[in-house]
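Residue-level structural notes
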Amino acid sequence: MVIVEAKDLTYTYPNAEKPALDDVSFEIQKGEFVILTGPSGCGKTSLCRCLNGLIPHFYQGELKGKIVVNGLNVVDHPIHELAMCVGLVFQNPENQLFALSVEKDVAFGLENLGIPRKEMRERVNWAMETAGIMDLAERAPHELSGGQQQRVAIASIMAMNPEILVLDEPTSFLDPVGAKKIFGVISKLNESLDVTVILIEHRLDLVARYANHVVVMDAGKIILDGEPREVLNSEKTRMLGVGIPKVTRLFQLLEEQKALHSKKVPIMAEEMGELVRGALKA
Amino acid sequence: MSVFDGLKFRGISSPIHMLDPRIKFFYVCSIFVVAIIFFELLPLLVLFLFQIPFVILARVQKEWIRSLRGAAFLASIIFGTNILFRFIYAGYTLTASDVEYASAMTLRFIALVESFSIFFLTTSPDHLGLALEKSHIPYEFCFAFTTAVRFVPVLAEEAQTIMDAQKARGLELEKGNFLRRIRNYIPILIPLIISAIRRSLELAEAMEARAWGAIEKRTNLYTLKMKRNDYLLVLVSIAVIIVGIFVKIYVSVPTISNLLGF
Ligand SMILES: Nc1ncnc2c1ncn2[C@@H]1O[C@H](COP(=O)(O)OP(=O)(O)O)[C@@H](O)[C@H]1O
Ligand SMILES: [Mg+2]
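All figures in this text were calculated on a predicted structure; none of them were measured in a lab.

**Remarks on the state of the cysteines**
Residues and elements named next belong to chain A.
- A complete count under the given rule lists zero disulfides over all chains for this structure.
- For the unlinked cysteine Cys 42, the closest cysteine sulfur is that of Cys 48, found at 10 Å.
- No disulfide involves Cys 85; its sulfur sits 15 Å from that of Cys 50, the nearest cysteine.
- Exposure remark for Cys 85: the relative accessible area of 7% places this residue in the buried category.

Structural data, given as structure tokens:
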């Protein structure tokens, strides 16, 4: 089932000369784990903003083409309505927490929606449990590490029970350990709750294993869109300077020298290990 | 800064912390009323001592002392000007009762600081925001208030970082005369303001993403519910006002210099 559909989407910020998104078309199926990547300034964040209506409702500017999310045409629905089916987690964890305690922050969206207190309490506890921050419930945001803050942000979005979870470089302010924990939480949501995940990420080494759909952008356009191994192994992707997994690159080099061969391009270290072991045996 | 330090909430649990902030505010008002109707030292002294059990019950003695120390400077100004006026007014002489009057004015100020610091030291800003909401103040204001409190430590840290960065580039804050020193702070203020603007934009986006303004009547995770101790404090506050007014009208308060036989 298609859950996000964009058709000939072109968007220009107010007073900008060039469009930030230039004739973009793609489809995302329900339950997919999508990685969106591309060089800085290529329009990834702008695309996220289109998914929950920040573009065009908050940013104004000129939007052409069509974008439909969970059956709702973004242009025709206010942000708070879209927010119930698309949760957006931002890059800087610090600037998306408002309250003075973690649980109050997780409740913020539900309060805005007018959810009754009893149900709110249940959903808040569930979201904190899922994000592994139950023990932080009463802490103030500024006492937390960046990784903990980002998990609070994810919990507060998940409490609103969205069908689609969009994360815009959620780990760029975090250390690798904090980042790994975030990815763990996201993949759990994707697998056990069938939440559609759209993740913008540069550290493909860490996340390629979770994806079943990769989209590469450059200069406001979609360059590649498809199955992860195919996209990550493509010459185009590498030429853009996208940091493809090191094992994939290693495989490409070894294959060029005819030292290694496989139909299935490795994107995780384990797969590469197996390939090498197989080659050594032969 | 130290005055504010003495007002900073710390999340510990005590019977005073558990009280409904509205009731605590009512208590502050009752102290306020009694403090301003008296000009004599004795009742103000009683008022000052009366509040100490609250401080001990709330286990905030250390912070409370710090807030008093922070108020010491203003208190000494109040004392000084009062003495000076009395001195000039009385034709350049000073009696014991003048000193007592000046002390009373100072103690009045200190008793007020005391009650405010009990209030702020034992009320979490979240609960304060909630109390504001329940007092029919528009939610936007309450939200602005709690968010401002939330970002105080963040901005303070950022200011420090910018200051360090500018110092590392050779900015000398302590150099020059008064005006010059104020000018020295411009390279710190500008990045701070720009970053605050960017931050507020990001916050606005994040609020939108969490369905800000979806419906008129939003709900709240917490409730304020009056408990036994709250009713008790209401009674205490009313008693304070009644006793205060009664004493003011019907009892002629002796001055301490009289008592001591000056
Ligand atoms: N708020 C904005 N106003 C005007 N232009 C913007 C704004 N945000 C981004 N842009 C421009 O849109 C283009 C795409 O930016 P962005 O979507 O942030 O890319 P990415 O997230 O991939 O780094 C850039 O050229 C950027 O300068
Ligand atoms: Mg971006």
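**A look at helix 5 (residues 117-130) of chain A**
All names here are of chain A.
- When the terminal C-alpha atoms of helix 5 are compared, their 20 Å separation across 14 residues agrees well with the 20 Å that a helix rising 1.5 Å per residue should span.
- Those residues of helix 5 not exposed but buried are Met 120, Arg 123, Val 124, Ala 127, Met 128 and Thr 130. Down the axis of helix 5, the smallest arc covering the buried residues is 160°, so these residues share one side. Those residues of helix 5 that are exposed and angled more than 90 degrees off the buried face are Lys 118 and Glu 129.
- Those residues of helix 5 hidden inside the fold are in contact with helix 4 (102-113), helix 6 (146-158) and helix 7 (176-193).
- Residue Gly 132 follows helix 5 closely and has a positive phi angle near 65°.

**A short note on the packing of helix 2 (residues 21-37) of chain B against helix 6 (residues 96-121) of chain B**
Residues and elements named next belong to chain B.
- Remark: helix 2 packs on helix 6, axes separated minimally by 10 Å, with the N-to-C direction vectors making an angle of 180°. Here helix 2 lies roughly antiparallel to helix 6, going by the angle between them. Two secondary-structure elements touch here, helix 2 through Pro 21, Lys 24, Phe 25, Tyr 27, Val 28, Ile 31, Phe 32, Ala 35 and Ile 36 and helix 6 through Arg 108, Ala 111, Leu 112, Ser 115, Phe 116, Ile 118 and Phe 119.
- Tallied by class, residues from the contact of helix 2 with helix 6 come to 13 nonpolar, one polar and two charged.

Quick notes on the rules
- Residues numbered from 1 in each chain as written.
- Chains lettered and ligands numbered in written order.
- Predicted model: local features only at pLDDT ≥ 70, side-chain atom pairs only at ≥ 80, totals over all residues.
- Heavy atoms only, no water.
- Disulfide = S-S within 2.5 Å.
- Buried < 20%, exposed > 50% of the residue type's maximum accessible area, 1.4 Å probe, protein only.
- Helix = DSSP H or I, 4+ residues; strand = E, 2+ residues; numbered from the N terminus.
- Expected span 1.5 Å × (residues − 1).
- Arc of directions from axis to C-beta.
- Contact = heavy atoms within 4.5 Å.
- Axes fitted to C-alpha atoms, helices over the stretch in contact; angles between N-to-C directions.
- Parallel < 35°, antiparallel > 145°, perpendicular 65-115°, else oblique.
- Nonpolar A, V, L, I, M, F, W, Y, C, P; charged D, E, K, R; others polar.

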